[in-house]
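Coordinate analysis (summary)
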Amino acid sequence: MGKVSYMKLKGSQNLRQRLLLSTLASTPILIEDIRADATWPGLLPHEVSFLRLLETISDDCHVEINETGTKLKYKPGIVMGGGYLEHDCGLSRSIGYFLEPLIVLGLFGKKPLSIKLKGITNDPKDPSVDTFRSTTLPLLKRFGVPSEGLELKIESRGVAPKGGGEVTLSVPIVHNSLKAVTWTDEGMVKRIRGISFSTRVSVQFENTMIHAARGIFNRLLPDVHIFTDHKAGAQAGNSPGYGISLVAETTSGCFISVDTTNSYARGDNDDNEMDVDEKKELMPPEEVGEQIASLLLGEIEQGGVIDSSHQGLLFLLCALCPQDVSKIRVGKLVPYGIETLRNIRDFLGVKFVIKPDPTTGTVMLKCIGCGLTNLSRKLS
Amino acid sequence: MERSQKSHRSRQSGPSAKKKSDTDKKKRGLTDDKKRDPSTDKKKRDLTDDKKRNPKAFAFNSTVKAKRLQSRASEKEQRRLHIPTIDRNTGEPAPYVIVVHGPPQVGKSLLIKSLIKHYTKHNIPDVRGPITIVSGKQRRLQFVECPNDINGMIDAAKFADLALLLIDGSYGFEMETFEFLNIMQVHGFPKVMGVLTHLDKFKDVKKLKKTKQRLKHRFWTEIYDGAKLFYLSGLIHGKYVKREVHNLARFISVMKFHPLSWRTNHPYILVDRFEDVTPPDKVSTNKKCDRNVTLYGYLRGCNMKKGTKVHIAGVGDYNVAGVTGLPDPCPLPSAAKKKGLRDKEKLFYAPMSGLGDLLYDKDAVYININDHFVQFSKKDDEDDGSGARDVGADLVKSLQNTKYSVDEKLNNSFINLFSQKSGKITNGDENNSIEPMEEANTVGSDEESEDEEDVDDSDEDNNPHEKSTDSQKVKDNIQEEVEIHEGRRRRKAVFGNESELDDQEATDEDDDEEEDNDSDDDQNSSEEEEEEEEEDLEGNASKWKESLIERTISRKSINLMQLVYGKSETKPDASSHEEIDANGSDDDEFFKPKGEGNKKSSEGVEGNMVNTEDSSKFTNFANVKDWKDGETIESIRDRFVTGDWSKAARRVEGADVDGENDDDAPVFGEFEDLETGEKNEGDKTEPDSVAEERRLKKLALHDDDNNKKIKSNNNKANEVSYIDKLKEEAELQRQRNIAELEDLDEATRLEIEGHRTGTYLRLEIHNVPYEMIDHFDPCHPLLIGGIGLTEENVGYMQARFKRHRWHKKVLKTKDPIIVSIGWRRYQTLPIYAIEDINGRHRMLKYTPEHMHCLAMFWGPLAPPNTGIVAVQNLSNSQASFRITATAVVLEFNHSAKIVKKLKLVGEPCKIYKKTALIKKMFTSDLEVARFEGASIRTVSGIRGQVKKVGKIELGNKPKKMGGKVEEGIARCTFEDKILMSDIVFLRAWTQVDVPCFYNPLTTALQPRGDTWRGVRTVAELRREYNVPIPDNKDSHYKRIERPLKKFNPVVVPKSLQSSLPFRSKPKDVKTKKDGRAVVPEPHERDVHKLVQHLQLIRHNKMKQQKVKKMEKKKKYDVEKAKEEVVTKKRQREERRERFRSQDKLQKKMRRD
């Protein structure tokens, strides 16, 4: 009875996804060689923080890490969910890093999840909280997730290096299972919306960014509105920074989004580095605006019903559907998406049929879901 | 209609009523073309007639009543509705399983035999194991006899599509029937039909009719009113009456089977063929070594994906070492225009029974070959072809020629396989598949020839050569049997043949499929992988060129898949799982190809992604185009609403041919050429599939519309109801599934959706205990169930639990019970609990008498809403009802939170005003600290609170200095001063641990006749070891003795007295003697004396009178008693006489 068969994995890549899938499929995993050869071996602070987060939301999950942190044994428990939870995400990665797996986990919990996450809200590495609100949550609704109770509230913003942001995420549970989608119609972009923010800097930065971005869009579409969200005081967090998140909405209800944030890089490790960073100038807001607008156009050009950073989530949701065929169209497969596909195959045994559509340069994916139902839900 | 003057009660039932209704009908000119049962229909018809004739009488008078009726009607309607489920089965359904169940000696096997005879015109000598037959053009049936023990019944209830409950009419219902019904009810209720047998034992027609009626109604109460109960009137020539069997078969053929939720979510297989495929030398060295077995059967339930774990009922959980789809041994007739089945198509398949020419024994298979009938399909015959015949001939020849020992052969065979394979494959598939087969033949040939002699008497001719040719005349299936002539020991021959069969079936399929098959072979798998590696390495070698080209052509569509998933068929679940406690199988380790370790990482596009950063965002700032440029902007103009809408529409359709191929995939250089190579094909297929899909959707909608129309006519509801919408959605999704899957090639499809339901599968399972082989009994069907994602984990489960009302005792917490959940059966120790109003789960020592309670137990998890049957006693000898309880899983947890009451009792050791020091409640200061703030109470009801640990100064001083300080004294405060005699108690809750114990029932690993023994209850143990029940004196119920409390008189202090009002002041009340003596006068004294004398006299007199009276009374009593005896005697006599005469009179009357 004490026998537990662990799935053996190697390396630190996709740790989040592995842990997420392991929890969903309730497969214990054993990861070895986590940055064994790196200068700073073992798990990084944000990874440990993610493990802690898993412990808070689930019941009876076992995490064992060896002394150097290069080996991790994880035995998943049952996702309990619940309200009034709190988690400090630390400063090494932004909240987006934690949100991505959390929204999926929350769906398959015992009770609806409501958790307050503290840390960095906007960060160039991970999708920002604005993008979550504008794109990710509507994406979930496509899969039959009830819209009431699905919410992300930004209490205060915080950017690197010192953070200080706070968001509240609430995710409802799915009562039985998700719904398979056939989502191939990408439609045409009918409007572009966006939100820019600035913390501890002048509003002028935002206006400049918006102006620059609009300059590019104006030749394509008149319906462009970018809102400003200037935070001050306690709501502005601890560090100065500014950023922007843009969403293009198509006629068929697809959301394609990009975002970026500009702030001083973190230099917690060395004081010397800190000085170097301080000297480095931030990218001027005009350039930020132009760049982000170009990125959005690039994403639109690629096609697909979702932007490249949401591919992984989309694949995962398709794989979690009941045993029906889901069909989706995405732009170019990105490395993260491919890794997701592989992980899905390993954990859930779901394989996708991947067919390039040469005329549009998009890729069509088909799969039969693994038929995951919300097992942790209590029968009333 | 004329009415007689006299009030007449017309007959409600019976022949006269029937006659009347018939005449009525004739009068009205109605003809009953559909001959319905008049008794059930009569009332309804009458009512409608009356309504027609006198509508006013049936108009509603009260609006309230009408409203109520309406709401009730709609409520009933709603109750009928079910949430539509998507039917995910495509293609031919697997044969429906018909379980024939009944108590012993009721005629189960005879019924199966009669039915088989009816369907196939064959007599079968024995019913052992499932028997598959083709019953119609669209339908196959599989008959299974339910074994008589409770384990067999539980398993049978899990796979039955229809249960025929045989009931001995002459005896009535027996417990088995009810037990089986209860089991079925819990595990999803399949269709049930009762069959009454032994009706020929009734001589009296009326009695027979009455019995039928009675049994029918009893049956109805158990299932539902109107449940079908079939009557088999008796035997003719030792068989049931042909006509009745025919009718029963008709009932079976029109039966509709509803999907049951557990089964539609789990794949399962009812094993109809079972082989031991352990290498013979392994068995010969150690008879008790773990065996490898192959199990065959139709896949039911849902699709089975690769890597699914399975549970073999009565054995345990296993990883499937190999799954192969086999050609259907009992296929449906191919689209015949004819009505009914031709005799050639009336196939049957029952490898476990001694059916026709096959007889499976414990250690051998006997083959009867009669050339006057050929019982397998013609199609297979043709498939067999000349190639197979040669193979068969080769096989037998090689059998005769062997001279080497088994070990040698085995070794040789492996070496040969390694070195020769790569060379030989080029010659063609044929050669490749024969290769392992020959080896197999040689392996056990010596034993085979010995066996031949054993079989002599059963076979017509001894010459094995001739025999083999004979067997070839029969189809390849039989040929398989020849090869496993040795019994279950011989495996490889079966393999070779099967893989060959597959090859013949799928020669035109691409290599991938074939590789799949091969890799399923037991030890070959790893070596095969290596071979594949080789393929990849020397892809340019000339030998390989042709096949490679073929492959690329066939695989063009999945090229991108290859990029993502890699070429090799790595099975991560099976190979990379490792048991922490158990060491992995040696074979796998040994045959690990060299490059496998790092293959996985290198197979992808990004080779070294082992430690890359984990970020979903993929922004390529370097590659940003200059969007200020007019041309670049124009290139995506059509992606915006401001652009060309028609172009965009075409883009969605995928019909845009000119396409801008400008996207230079920077990440995947490989994309480009694939796409260009793909283009033509893609263009062709895409619109087709789209059109197809649309067509199907339309079709589905059309179907739905029709249904709706019919429905709306019935219900006069025009608006689309919610349930209709759901139905429509489900149907759409179904059509979509079919459409999307149809345009995939077989190999990809298998990969994507797994083996489809209805296919005949061969599962190979390794390391099964040898007992399974030793104690295998075909009469006990084997059930293999697929295990879902979380179901292999163990944890605590909470179930809503109810003791069965026929079980005689309540159940005790922690007494072991055997539960059947999902596919599994295991013994576990439940803790019963009940939920209090505040959500607390309070432990119960015993289950409530008639109520539901919660049961918490540890075991392999089952999803919520799964039914549970609990049994305590598995033995067949038990007369009473064996089902102990039924339950349903509510949720599962990894931690159980059940509490029970805990009362801590203490007594004061020192009392201050309202504070007291309480001792004996806690044992240590730490404990006191834990309970700080807890509320306490005295018996007299004075409430209080624990404050802190009692300090030493506060009365807790050691008696002598240097003595030990007593620990665990708590300072508590109360709302009033307590007494030293008060008992103080603290009410608390303490956690109860659910024992982490479960014991899978391994009934298949022991002789089937034995009763499985698991953990015994405490009571059983006590009985067995003669241990008395522990007797706690304190627990005895004794009379409570409360000595009268004596209170001291109240003393009011003097100072207080003075200030009291007069009324409250204590007063000196002299009640009696004031102390002075009374001296009477002499006269007075005389008078007093006289009076005293008189009193004395009177007193004496009275006494005497009383004594006299008593004496008199005594006498009287004696007399009376005497008289009474006499009168009683007389009365009895009289009564006797009277009754006697009455009786006589009656008898006389009766005689007259």
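Treat the numbers as computed from the prediction; the structure is a model and nothing was measured.

**Describing the overall build of chain A**
What chain A contains, in helices and strands, is nine helices and 18 strands. For chain A, whose C-alpha radius of gyration is 21 Å, the value lies close to the compact-globule estimate of 21 Å for 380 residues. Considering only C-alpha atoms, chain A reaches an extent of 65 × 50 × 45 Å along its principal axes. Per-residue burial over chain A gives 67% buried out of 380 residues. Once local pairs closer than 6 in sequence are excluded, the contacts in chain A between residues at least 24 apart make up 73%. For chain A, the computed accessible surface area is about 12400 Å², with 49% contributed by carbon and sulfur atoms.

**Describing the UniProt feature "domain: Bms1-type G" (unreviewed entry) in chain B**
In the numbering adopted here, UniProt assigns the feature "domain: Bms1-type G" (unreviewed entry) to residues 94-258 of chain B. Its end C-alpha atoms 14 Å apart, residues 94-258 of chain B is made of 40% helix and 22% strand.

**Comments concerning the environment of glycine 325 of chain B**
Residue and element names in this part refer to chain B. The topology assignment puts glycine 325 in strand β12 (residues 316-326). On the basis of relative accessible area, glycine 325 is assigned to the partly exposed category, the value being 26%. For the pair glycine 325 and threonine 197, spaced 128 residues apart in sequence, the C-alpha to C-alpha distance is 40 Å.

**Remarks on the environment of valine 888 of chain B**
Turning to its location among the elements, valine 888 of chain B is positioned in strand β26 (residues 883-893). Dropping the residues within four chain positions of it, valine 888 of chain B is found in contact with Gln798, Ala799, Arg800, Asn865, Thr866 and Gly867 of chain B.

**Some words on the confidence of the model for chain A**
Caution applies to low-pLDDT regions: their predicted coordinates should not be interpreted in detail. Looking at chain A, pLDDT values average 88 and 95% of them are 70 or higher. Confidence drops under pLDDT 50 across residues 268-277 of chain A; counting only partners more than four residues distant or on other chains, this segment forms five contacts.

**Here we look at a nonpolar patch on the surface**
Residue and element names in this part refer to chain B. Taken together, the side chains of Val905, Val939 and Ile983 present a nonpolar region at the surface, about 250 Å² in accessible area. Relative to the helices and strands, valine 905 resides in strand β27 (residues 898-911). Judged by its relative accessible area of 43%, valine 905 falls in the partly exposed class.

**So, the packing of aromatic side chains**
Residue and element names in this part refer to chain B. Scanning all chains against the criterion turns up 22 aromatic pairs over all chains. Pairing tryptophan 262 with tryptophan 823 gives two aromatic rings, centres 5.6 Å apart and planes at 70°, and the pair type is edge-to-face. Linking tryptophan 262 in helix α10 (residues 261-265) with tryptophan 823 in the loop between β20 (817-821) and β21 (824-828), this pair joins segments that are 561 residues apart in sequence. Taking the centre distance of 5.0 Å and the plane angle of 75° together, the rings of tryptophan 806 and phenylalanine 881 count as edge-to-face. Here the residue tryptophan 806 occupies a position in the loop between β19 (794-803) and β20, and phenylalanine 881 occupies one in the loop between β25 (867-871) and β26, the gap between them amounting to 75 residues. Phenylalanine 881 sits in the buried class, given a relative accessible area of 3%.

**Some thoughts on the sheet that holds strand β12 (residues 189-199) of chain A**
By definition, the strands of a sheet pair up through backbone hydrogen bonds, in either a parallel or an antiparallel sense. Residue and element names in this part refer to chain A. Strand order in the open sheet made by the four strands is β13-β12-β14-β15, with mixed pairing throughout. Both outer strands of the open sheet, β13 (224-231) and β15 (255-263), are each paired with one neighbouring strand and no more. Ignoring which end each strand starts from, the neighbouring axes of this sheet average 10° apart. In the sheet, β12 pairs with strand β14 (residues 241-250) via 10 bridges, with the strands oriented antiparallel. Residue pairing across strands places arginine 193 opposite valine 247, the latter belonging to β14. Each of β12, β14 and β15 touches helix α4 (residues 129-142); the most contacted strand, β15, lies at about 160° to it. Its contacts with the sheet place helix α5 (residues 203-217) against β12, β13 and β14, and it is angled at close to 165° to β13.

**A closer look at a positive patch on the surface**
Residue and element names in this part refer to chain B. A cluster of basic residues, Lys812, Lys814, Lys845 and Lys900, forms a positive patch on the protein surface. Assignment of secondary structure puts lysine 814 in the loop between β19 and β20. Residue classification places lysine 814 among the partly exposed residues on the basis of a relative accessible area of 41%.

**Observations regarding the pairing of β20 of chain B**
Residues and elements named next belong to chain B. In terms of burial, β20 is a largely internal element, five of the five residues being buried. The alternating pattern of β20 places Ile817, Val819 and Ile821 and Ile818 and Ser820 on opposite faces, both of which are buried. Bridging between β20 and β21 involves five bridges; their strand directions are antiparallel. From the neighbouring strand, isoleucine 821 faces β21, where its bridge partner is arginine 824. Joining the antiparallel neighbours β20 and β21 is a turn of two residues, in which glycine 822 adopts a positive phi near 60°. Of the strand pairs in this sheet, β20 and β25 are connected by four bridges, and their pairing is antiparallel. Across the sheet, valine 819 pairs through a bridge with alanine 870, a residue of β25.

Conventions we followed
Residues numbered from 1 in each chain as written. Chains lettered and ligands numbered in written order. Predicted model: local features only at pLDDT ≥ 70, side-chain atom pairs only at ≥ 80, totals over all residues. Heavy atoms only, no water. Helix = DSSP H or I, 4+ residues; strand = E, 2+ residues; numbered from the N terminus. Rg over C-alpha atoms; globule rule 2.2 N^0.38 Å. Buried < 20%, exposed > 50% of the residue type's maximum accessible area, 1.4 Å probe, protein only. Contact = heavy atoms within 4.5 Å. Areas by Shrake-Rupley, 256 points an atom, 1.4 Å probe, with all protein chains shown as cover. UniProt positions renumbered as here; feature names shortened; annotations may be inferred. pLDDT = per-residue confidence, 0-100. Patch = residues over 30% accessible without salt bridge, like charges linked within 9 Å, V, L, I, M, F, W, Y side chains within 5 Å. Salt bridge = Lys/Arg side-chain N within 4 Å of Asp/Glu carboxyl O. Phe/Tyr/Trp six-rings, centres within 6.5 Å; stacked < 30°, edge-to-face > 60°. Pairing = 2+ DSSP bridges. Axes fitted to C-alpha atoms, helices over the stretch in contact; angles between N-to-C directions. Lys, Arg positive; Asp, Glu negative; His and termini not counted. Charge placed at Lys NZ, Arg CZ, Asp CG, Glu CD.

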